Amino acid sequence: MINWYPGHMAKTKKQLQENIKLVDLVIELLDARIPISSQNPLIDELTKNKPRLVLLTKSSMADPRYNSQIEKHFLNKQSTKVLFIDSIQSININKIYSFAQEILKEKFEKEKLKGMKTRNARAMIVGIPNVGKSTLINKLSQKKVTNVGDKPGVTKSLQWIRIAKDFDLLDTPGILWPKLDDQEAAKKLVLTGAIKDEIIRLEESIFYFIDFMKANYAGLLNKKYEVDEKTTNLEIIEEIAKKRGFFTNKDFDYEKTYIAILNDFRNLRIGRISLDINYE
Ligand SMILES: Nc1nc2c(ncn2[C@@H]2O[C@H](COP(=O)(O)OP(=O)(O)OP(=O)(O)O)[C@@H](O)[C@H]2O)c(=O)[nH]1
Ligand SMILES: [Mg+2]
């Protein structure tokens, strides 16, 4: 079973619970390549009474063919508007502030009518590990105020950051949930980098990826690695190993081959690939 719920996530869950009452808005970040599988039921539960803005991050890596289906899905199923963003490519970043203001307008007008003092809006940024929370905060504040990294578990504590004179954001450590019941979703979380590579066996996620590519992106593996997609997954992996120099003295270094495939996917060298592709 793929699972990752270390002590620091349980601690973060408690801290989110304590801080939720301080915020006006929850900004939930989902990975645009897996907008369903990156939804954390714990976060859902913790934030259910707060207004929410959903941002789909890393959208320049996702397959844009699914954008309109995703938008419809969120509107129909969860009555939520979503915004496709990319913090590296600066896509829709400048819309976030006005979307947030729009959601909070009524609340702030009511407070004003009651004679309450004007105050800063406060939003909490939440999401699974590595989804791009800290990168977005840096982008919005136009300077490096928080650490980022291309591995999950970089942010270790909660941190308030002022991104505009009237707007404060709370950066939070990424969390998963105690039991990943949907193991297909778990493999997608591995592939997109939300689960620490070192603690799991990569084999099943890579086999899943090859099956997925054969079925949904036929031709792309062949284009990238010159492999015959009609052969077995093992044959494909061994062919890639030979081409990459991971075959010596009649021995295949499978682990290195898995990591190479993983990095090719994560660095967009195979193409813009989305792993959640069925939306009702
Ligand atoms: N292409 C692309 N990469 C992104 C985007 N946002 C973040 N990244 C990359 O994703 C990786 C993780 O970013 P972080 O901002 O550290 O993620 P996080 O959600 O704060 O992660 P934790 O603190 O571990 O929970 C980094 O390598 C970023 O450069 C994006 O919009 N597009
Ligand atoms: Mg972070």
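Reference entry: report on the structure contained in this document. Remember, it's a predicted structure, so these values are computed and weren't measured experimentally. The written sequence of each chain sets the order in which its residues are numbered from 1. The naming scheme follows written order: chains are lettered A onward, ligands numbered 1 onward. Local features in a predicted model are, by the rule used here, given only for residues with pLDDT of at least 70; side-chain atom pairs are given and counted only at 80 or more, and totals for whole chains, interfaces and linings are based on all residues. Only hydrogens and water are set aside; all other atoms, that is, all heavy atoms of the structure, feed into the side-chain values.

**Structural notes on the pattern of salt bridges**
Put simply, the rule reads: Salt bridges are defined by distance alone: a side-chain nitrogen of Lys or Arg within 4 Å of a carboxyl oxygen of Asp or Glu. Exposure categories follow from relative accessible area, calculated using a 1.4 Å probe and restricted to protein chains: below 20% of the type maximum is buried, above 50% is exposed, and the middle band is partly exposed.
Across all of its chains, the model carries 17 salt bridges by this definition. Across the pair Arg 52 and Asp 44 runs a salt bridge whose closest N-O atoms are separated by 2.9 Å. Owing to a relative accessible area of 21%, Arg 52 belongs among the partly exposed residues under this scheme. The shortest N-O distance in the salt bridge between Arg 162 and Asp 168 comes to 2.7 Å. Exposure remark for Arg 162: the relative accessible area of 54% places this residue in the exposed category. The exposure class assigned to Asp 168 is buried, which follows from its relative accessible area of 11%. Here the residues in one salt-bridge network are Asp 24, Lys 107, Glu 111 and Arg 119, joined through shared partners.

**Some thoughts on the coordination of the magnesium ion (ligand 2)**
Ideal values differ by geometry: the angle at a metal is 109.5 degrees with four tetrahedral donors, but 90 or 180 degrees with six octahedral donors. Put simply, the rule is: A 2.8 Å cut-off from the metal defines N, O and S donors, relaxed to 3.2 Å for Na, K and Ca; water is not in the atom list, so some sites may appear incomplete. Working definition: helices are DSSP H or I runs of at least four residues, strands are E runs of at least two. Numbering for both runs from the N terminus.
Looking at the magnesium ion (ligand 2), the protein donor atoms are Ser 134 (OG) and Thr 155 (OG1), and they sit 2.0 to 2.2 Å from it. Pair noted here: Ser 134 is in helix H5 (residues 133-141) and Thr 155 is in the loop between H5 and strand E5 (159-164), with a separation of 21 residues, a long-range link. Across this residue pair, the class does not change: Ser 134 and Thr 155 are buried.

**Thoughts on the pairing of strand E4 (residues 121-127)**
Convention followed: A pair of strands is treated as paired once DSSP finds two or more bridges between them.
Summarising burial for E4: six of the seven residues are buried, a large majority. As paired strands, strand E1 (residues 25-31) and E4 are joined by five bridges and run parallel to one another. Bridging across to E4, Glu 28 finds its partner in Val 126. Pairing analysis gives four bridges linking E4 to strand E6 (residues 167-171), with the strands arranged parallel.

**Quick word on helix H6 (residues 183-192)**
It helps to recall that an α-helix has 3.6 residues per turn; residues three or four apart then point in one direction. Spelled out, the test is: What qualifies as a polar contact is a pair of N or O atoms within 3.5 Å, subject to a donor-acceptor requirement within protein and to the restriction that residues adjacent in sequence count only when both atoms come from side chains.
Taken across its 10 residues, H6 has nine buried, putting it largely inside the fold. Buried within H6 are the following residues: Gln 183, Ala 185, Ala 186, Lys 187, Lys 188, Leu 189, Val 190, Leu 191 and Thr 192. Taking the backbone nitrogen of Glu 184 as reference, a side-chain oxygen 3.1 Å away marks Asp 182 as the first, capping residue of H6. Phi turns positive one or two residues past the end of H6, at Gly 193, with a value near 95°.

**Thoughts on the sheet that holds E5**
In plain terms, the rule: Between N-to-C directions, angles span 0 to 180 degrees; the directions come from axes that are lines fitted to C-alpha atoms, helices contributing only their stretch in contact. Residue contacts follow a heavy-atom distance rule, with two residues in contact if any of their heavy atoms lie within 4.5 Å.
The strand order across the open sheet built from six strands is E3-E2-E1-E4-E6-E5, with neighbouring strands paired in mixed fashion. Each edge of the open sheet is held by one strand with a lone partner, namely strand E3 (82-84) and E5. Averaged over all neighbouring strand pairs, the angle between strand axes comes to 25°, with direction disregarded. Two strands pair when backbone bridges link them, and strand E2 (residues 52-57) and E3 are joined in this way by three bridges, in the parallel orientation. Bridge pairing in E3 places Val 54 opposite Val 82. Each of E1, E2 and E3 touches helix H3 (residues 67-78); the most contacted strand, E3, lies at about 160° to it.

**Considering helix H10 (residues 254-266)**
The following threshold applies: Between the first and last residue of a helix there are one fewer steps than residues, each counted as 1.5 Å, and that sum is the expected span.
Here H10 spans 18 Å end to end across 13 residues, near enough to the 18 Å set by a 1.5 Å rise per residue. Listing the buried residues of H10 in full gives Thr 257, Tyr 258, Ala 260, Ile 261, Leu 262, Asp 264, Phe 265 and Arg 266. Structurally, H10 contributes buried residues whose contacts are with H6, helix H7 (203-216), helix H8 (220-225) and helix H9 (233-244).

**Some points on unusual backbone geometry**
Positive phi is not limited to glycine here, since Ser 79 has a value of about 45°. Topologically, Ser 79 is positioned in the loop between H3 and E3.

**Observations regarding the nonpolar core**
Formally: Working definition of a nonpolar core: buried Ala, Val, Leu, Ile, Met, Phe, Trp, Tyr and Cys residues. They are joined through side-chain atoms within 4.5 Å. For each domain, the first and last residues come from an automatic or database assignment.
Counting 81 residues, the largest nonpolar core has Ile 27, Leu 55, Ile 96, Leu 136, Leu 169, Leu 189 and Ile 195 as its most contacted members. By residue number, the principal contributor to this core is H7, which donates six residues. Residue-level mapping places this core at the junction of two domains, with at least three residues from each of domain 1 (7-171) and domain 2 (201-266). What Leu 169 contacts, discounting residues up to four positions off in sequence, is Ile 27, Ala 123, Ile 125, Ile 137, Leu 140, Gln 159, Trp 160, Ile 161 and Ile 163.

**Observations regarding the environment of Pro 6**
Among the secondary structure elements, Pro 6 is positioned in the segment before helix H1 (7-19). When the C-alpha atoms of Pro 6 and Leu 176 are compared, they prove to be 9.2 Å apart, with 170 residues separating the residues in sequence.

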